[in-house]
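Working through the structure, step by step
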Amino acid sequence: MHDERSPYGRSPYGPDDREPGESGGRAARRRAPDGRGGRQRSPLVVVGRTALALSSALVLLASGVSWAAYNWVSSGLNTSDALSAIGGKDAPKHLDNSVNLLLIGLDSRKDMNGNDLPREFVRDQLHAGSSDIGYYNTNTLILMHIPADGGKVTAFSVPRDDYVQTFNGDGSSQGHFKIKEAYGNAYTVAHDKFSAQGVKGADLESRSREAGREATLATVQNFLKVPIDHFAEVNLLGFYDIAKVLQPIEVCLKHPVKDRYSGADFPAGHQQLNPKQALAFVRQRHGLEGGDLDRTHRQQAFLSSVTHKLKSEGVFGDLGKLQGLFDVVKKDLVIDSKFDVLDFAQQATNLTGGNVVFHTLPIAGFGTRNRESVNLVDVPKIQSIVQSLIGGKAASPDASGGGAPSPSTKAAPATVDVLNGAGKAKPGAAGDELKALSALGYTAGHAGNANPRQRTTILYGAGAQEAAQQIAGRLSAAAPVSSASVPAGRVQVLLGADFTAPPATGAGTPPATSEKSTDSGAKDNTPAPVPSDAFAGDSVKEGGIPCVN
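Now for a description of the structure that goes with this document. (Residues numbered from 1 in each chain as written. Predicted model: local features only at pLDDT ≥ 70, side-chain atom pairs only at ≥ 80, totals over all residues. Heavy atoms only, no water.)

1. Observations regarding the sheet that holds strand β19 (residues 481-482)
Short version of the rule: Should DSSP find at least two bridges between two strands, the strands are taken to pair. Helix numbering and strand numbering both begin at the N terminus, where a helix is a DSSP run of H or I of at least 4 residues and a strand a DSSP run of E of at least 2. Two residues qualify as a contact provided that any one of their heavy atoms is within 4.5 Å of a heavy atom in the partner residue. Here an axis means a line fitted to C-alpha atoms, over the contact stretch when the element is a helix, while the angle between two N-to-C directions is reported on a 0 to 180 degree scale.
Reading across the sheet, the five strands line up as β17-β16-β20-β18-β19 and stay open at both edges, with mixed pairing between neighbours. Where the open sheet ends on each side, the last strands, each with one partner, are β17 (443-449) and β19. The strands that helix α13 (residues 429-439) touches are β16 (415-420), β17 and β20 (490-495); relative to β16, the one it contacts most, it runs at about 160°.

2. Things to note about the packing of aromatic side chains
Put simply, the rule is: To pair, rings of Phe, Tyr and Trp, with the six-membered ring standing in for Trp, must have centres within 6.5 Å; the planes then decide the type, stacked if under 30 degrees apart, edge-to-face if over 60, and tilted in the middle. Exposure categories follow from relative accessible area, calculated using a 1.4 Å probe and restricted to protein chains: below 20% of the type maximum is buried, above 50% is exposed, and the middle band is partly exposed.
As enumerated under the stated definition, the model contains two aromatic pairs in all. Summarising the aromatic geometry, the rings of Y136 and Y183 are spaced 6.1 Å apart at their centres and angled 10° between planes, so their arrangement reads as stacked. Linking Y136 in the loop between α4 (119-126) and β3 (137-146) with Y183 in helix α5 (residues 182-196), this pair joins segments that are 47 residues apart in sequence. With respect to burial, Y136 and Y183 carry one shared label: buried.

3. Comments concerning the state of the cysteines
Stated precisely, the cut-off is as follows: Cysteine sulfur atoms that pair up within 2.5 Å are treated as a disulfide.
Counted by the stated rule, this structure contains one disulfide. Each sulfur of the disulfide joining C252 and C547 lies 1.6 Å from the other. Its S-S torsion of approximately 45° makes the covalent link between C252 and C547 right-handed. On the criterion of sequence distance, the pair formed by C252 in strand β8 (residues 249-253) and C547 in strand β22 (residues 547-548) is long-range, its members being 295 residues apart. Note on C252: relative accessible area 2%, which makes it buried.

4. Some points on the sheet that holds β22
The three strands lie next to each other as β11-β8-β22, forming an open sheet whose pairing is mixed. At either end of the open sheet lies a strand with only one pairing partner, and these are β11 (269-273) and β22. Of the pairings in the sheet, the one linking β8 to β11 comprises five bridges and is antiparallel in character. Within β11, the position partnered with E250 by the bridge is Q272. Helix-sheet contacts for helix α8 (residues 275-283) involve β8, β11 and β22, and the interaxial angle to β11 is about 130°.

5. Details of the pattern of salt bridges
Formally: Any Lys or Arg side-chain nitrogen located within 4 Å of an Asp or Glu carboxyl oxygen qualifies as a salt bridge.
A complete count under the given rule lists nine salt bridges for this structure. Residue D161 pairs with K180 through a salt bridge whose shortest N-O separation is 3.2 Å. A residue pair is termed long-range when its members are at least 10 positions apart, and D161 in the loop between β4 (153-157) and β5 (163-167) and K180 in the loop between β6 (173-178) and α5 qualify at 19 residues. K180 carries the same exposure label as D161, and that label is buried. Note that R207 is salt-bridged to D203, the shortest N-O span being 3.3 Å. Highlighted residues: R207 and D203, both in helix α6 (residues 201-224), separated by four residues, approximately one helical turn. The exposure class assigned to R207 is partly exposed, which follows from its relative accessible area of 35%. Judged by its relative accessible area of 30%, D203 is partly exposed. One connected set of salt bridges, linked through shared partners, spans D161, K178, K180 and E372.

That is the geometry; function is a separate question.
Set out below in structure tokens:
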């Protein structure tokens, strides 16, 4: 949610991602200027709807390639300094030598230089609509936690429509948006800024996308409260190229499906897919009971199938396929500049050993923000789940995380007034929200009515910024605004027509990992158990061909 003064303006890609042929208009999308040339070493990349090809490529690199092969591959890789730019701002420190790797997939129909993919190829092979669709949405975000001892790899898929506080690479807040929009917001601002300075062509695109990467990394790091050590991106064409090298790809469906938007048309049961069908398999969301969440499970199942194929069918002994995969890595993959492939290979052997579990982070429900459908999320609950599973201390949400205080976190001192600007559509909303905030530990002021307004707004007086930020996180509102009209130590909550009462904060939150002291005073970082129903749908385990919806 953002107001009209936001530098990002209306989302340039419209209210939702529509497939080719889907009814409903889309807002005019921003198009990058023509004439971008190629560049060998710049981190130019437009990554596609999924990070599936990316993970396949990383599995390849983590499977004990020779030193000579490593030198050959690394000499042509596209690298990015985005992680160095954000410098681990506000990220908790590692408790051990584990590695957190973020896989990023952008929804764009462009090549590595930002040029449109051939229209016929996009339409006939990718079945992905025109090159205008998608802008720079990060429609796939998967955090992989690789333990220091080489144990089970835990992967978390972040639903793309989670409504959270998003950040720029410098740590400044963009406001509240779908998490997938952080990249595009930063790209747009950077593109305008550099263009006004006379930067053009490939350099303009490179700098703008680097700002987008920084924003995505900062946003995920703040949302989950874990440090990100490495990241990688792949483009939509890269996924197709990987599937082309490894085809056929075996998958399994619980039910038959037919979807004209993605082109998915499959019977139930096990089947072998060509590259075009594989892309349809991971892109379908229409006609699935879980919609986007089921599509996330499709992506996870595909990753499991690919790694199973790599391990079981001797791909690493097939020089033709091996070279084909290397070519895709060098052409379609972008990794952070500090990514040491051989060092990663020593830690990540379980990526090909079937010892990976994919979880889809839960949502608290659905809502409407800024006239768009979004996933509402319980930030403290999500942070607690992630921290529990990776063996760290559950983070206390703060302003950067965008979350209201959990039962174990003290509410920042402030007196709160709640005014209902939602009108007759939501009678009693101000009183109910004031009671909820009071129960969380804030001092109750008064509840009343306000002039009708579309968007929920948080104002605060001197000394009440922290409380205002906590409350904005609870309500998934835009960043709070300091106001001279609000008395010191006071927060004013103006509920708009977009207001949806959040779920009870912390309800059902798994306990954080306990810090059991040993004789030496060391902390026990063993992951705490998390109920299987804490996630969105069933978790997907690598090591075979899992059946999914």
